[in-house]
Amino acid sequence: QVVMPRPVAARTPKIEEPDPITEEEKEIGTVLNRIILECDNSHYTDSIIYGQGMGAALMRLCNYEQAESYFDKILVKDPYDPEALTNKGTALAKQGRFGAAIEHYNLALKKDPKFVSALNNKANALAETGKLEDAITLYNKILDEDPTHEIAKQNLQKAREELVQLAKLQVKQDSTSVNLDDSIPKIKTAEVNYAKQTFEAPKTATVIEHIGSIFAGFFGFLK
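The rules behind each value
Residues numbered from 1 in each chain as written. Predicted model: local features only at pLDDT ≥ 70, side-chain atom pairs only at ≥ 80, totals over all residues. Heavy atoms only, no water. Helix = DSSP H or I, 4+ residues; strand = E, 2+ residues; numbered from the N terminus. pLDDT = per-residue confidence, 0-100. Contact = heavy atoms within 4.5 Å. Buried < 20%, exposed > 50% of the residue type's maximum accessible area, 1.4 Å probe, protein only. Axes fitted to C-alpha atoms, helices over the stretch in contact; angles between N-to-C directions. Parallel < 35°, antiparallel > 145°, perpendicular 65-115°, else oblique. Left-handed = near helix turned anticlockwise from the far one by under 90°. Nonpolar A, V, L, I, M, F, W, Y, C, P; charged D, E, K, R; others polar. Phe/Tyr/Trp six-rings, centres within 6.5 Å; stacked < 30°, edge-to-face > 60°. Expected span 1.5 Å × (residues − 1). Arc of directions from axis to C-beta. Core = buried A, V, L, I, M, F, W, Y, C linked by side-chain atoms within 4.5 Å. Salt bridge = Lys/Arg side-chain N within 4 Å of Asp/Glu carboxyl O.

**Re the environment of leucine 107**
Tracing the backbone through its elements, the reader meets leucine 107 in helix α5 (residues 98-111). A sequence separation of 27 residues divides leucine 107 from tyrosine 80, and the C-alpha atoms of the two residues are 7.2 Å apart.

Right, dumping it as structure tokens:
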């Protein structure tokens, strides 16, 4: 009797999960988020999420296009990864593509409505495009949940100051406009008609006769 070897079940390759971020790494990330590089012209501080390989490092080096490509690779595997969506949104915002950035933040918030980094960075994009009141609403939403969030507090302060400056500028412009209008003398309709009548030559008189009458009146006035 021939004994056939038992088939060996194929082993499913084990997918290694990334190690969770340690508390020390979180603290390092917090410190790095506070560093504003010379190549970053943003007025507001974005929250960059660390723990996703080279993407965040490329962001810190201001290689935003390369960082965008890196996050795209992550999103191919998981199109709804809120961290990758937020980081890619930030890379887009750093390139001035605020509309596309907000779309990515919205996708991240659709997956996790309380995702703080997406809320903060979306608020920054809104503020950069002049929608300061909407930005302030989002900063306050973050601080309602976490009153100690330093980045949101700093960004909120900047947005409030900018809104006050814009309000002062608007008041100044309105005041200047009113003063200019008031400084222009207004001529009544009756005066305009009178002026026309005074200098309008009579239709029945000749030009010479009209000039003579003007000089006659003028010398009569001097007597």
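That covers the picture; the talk isn't over yet.
**As for the confidence of the model for the protein**
Close inspection of predicted coordinates is inappropriate for parts of the model with low pLDDT. Residues with a pLDDT of 70 or more make up 61% of the protein, whose mean pLDDT is 77. Counting contacts from residues 12-18, a segment whose pLDDT is below 50, to residues more than four positions away or on other chains yields zero contacts. Every residue in residues 217-223 is under pLDDT 50, and counting partners more than four places away or in other chains gives zero contacts.

**Section: the environment of proline 79**
Within the secondary structure, proline 79 is located in the loop between α3 (64-77) and α4 (82-94). Residue classification places proline 79 among the partly exposed residues on the basis of a relative accessible area of 43%. Through-space distance from the C-alpha of proline 79 to that of leucine 107 is 9.3 Å; in sequence the pair is 28 residues apart.

**Here's the deal with unusual backbone geometry**
Unusually for a residue other than glycine, cysteine 62 sits at a positive phi of about 65°. Residue position: cysteine 62 is located in the loop between α2 (54-60) and α3.

**Notes on the packing of α3 against α4**
Axis separation between α3 and α4 bottoms out at 9 Å; the angle between their running directions is 155°. Taken together, the axes of α3 and α4 are roughly antiparallel relative to one another. Considering the relative orientation of α3 and α4, their crossing is left-handed. Along the contact surface, α3 presents Tyr64, Glu68, Phe71, Asp72, Ile74 and Leu75, while α4 presents Ala84, Leu85, Asn87, Lys88, Ala91, Leu92 and Lys94. Partitioned by chemical class, the residues of the contact of α3 with α4 number eight nonpolar, one polar and four charged.

**Side note on the packing of aromatic side chains**
A complete count under the given rule lists one aromatic pair for this structure. Here tyrosine 70 and phenylalanine 71 contribute two aromatic rings whose centre-to-centre distance is 6.1 Å and whose plane-to-plane angle is 85°, an arrangement assigned as edge-to-face. Residue tyrosine 70 is classed as partly exposed on the basis of its relative accessible area of 26%. On the basis of relative accessible area, phenylalanine 71 is assigned to the buried category, the value being 0%.

**Quick notes on helix α7 (residues 132-145)**
Taking 1.5 Å of rise per residue, the 14 residues of α7 would be expected to cover 20 Å, and the 20 Å separating its terminal C-alpha atoms lies within 8% of that figure. When we look at burial in α7, the residues that qualify are Leu132, Ala135, Ile136, Leu138, Tyr139, Ile142 and Leu143. Here the buried residues of α7 occupy an arc of 165° about the axis, which is enough to place them on one side. Turned more than 90 degrees away from the buried face of α7 sit Glu133, Thr137, Asp144 and Glu145, all of them exposed.

**A short note on the nonpolar core**
Among the nonpolar cores identified, the biggest contains 40 residues, and Tyr44, Met59, Ala127, Ala135, Tyr139 and Ala159 are the most heavily contacted of them. When contributions to this core are tallied by element, the ones reaching two or more residues are α2, α3, α4, α5, α6 (116-128), α7 and α8 (150-183). Aside from chain neighbours lying at most four places away, what touches alanine 159 is Tyr44, Leu132, Ile136 and Tyr139.

**Topic: the pattern of salt bridges**
Using the criterion set out here, one finds four salt bridges in the structure. For lysine 88, the salt bridge goes to aspartate 72, with nearest N and O atoms at 2.7 Å. Residue lysine 88 is located in helix α4, and its partner aspartate 72 is located in helix α3; the two are separated by 16 residues in the primary sequence. Looking at aspartate 72, the relative accessible area reads 29%, which means it is partly exposed. Residue lysine 153 is joined to glutamate 150 by a salt bridge in which the shortest nitrogen-to-oxygen separation is 3.6 Å. Of this pair, lysine 153 and glutamate 150 both sit in helix α8, three residues apart, which is roughly one turn of that helix. Given a relative accessible area of 36%, lysine 153 falls into the partly exposed group. On the accessibility criterion, glutamate 150 (35% relative accessible area) is partly exposed.

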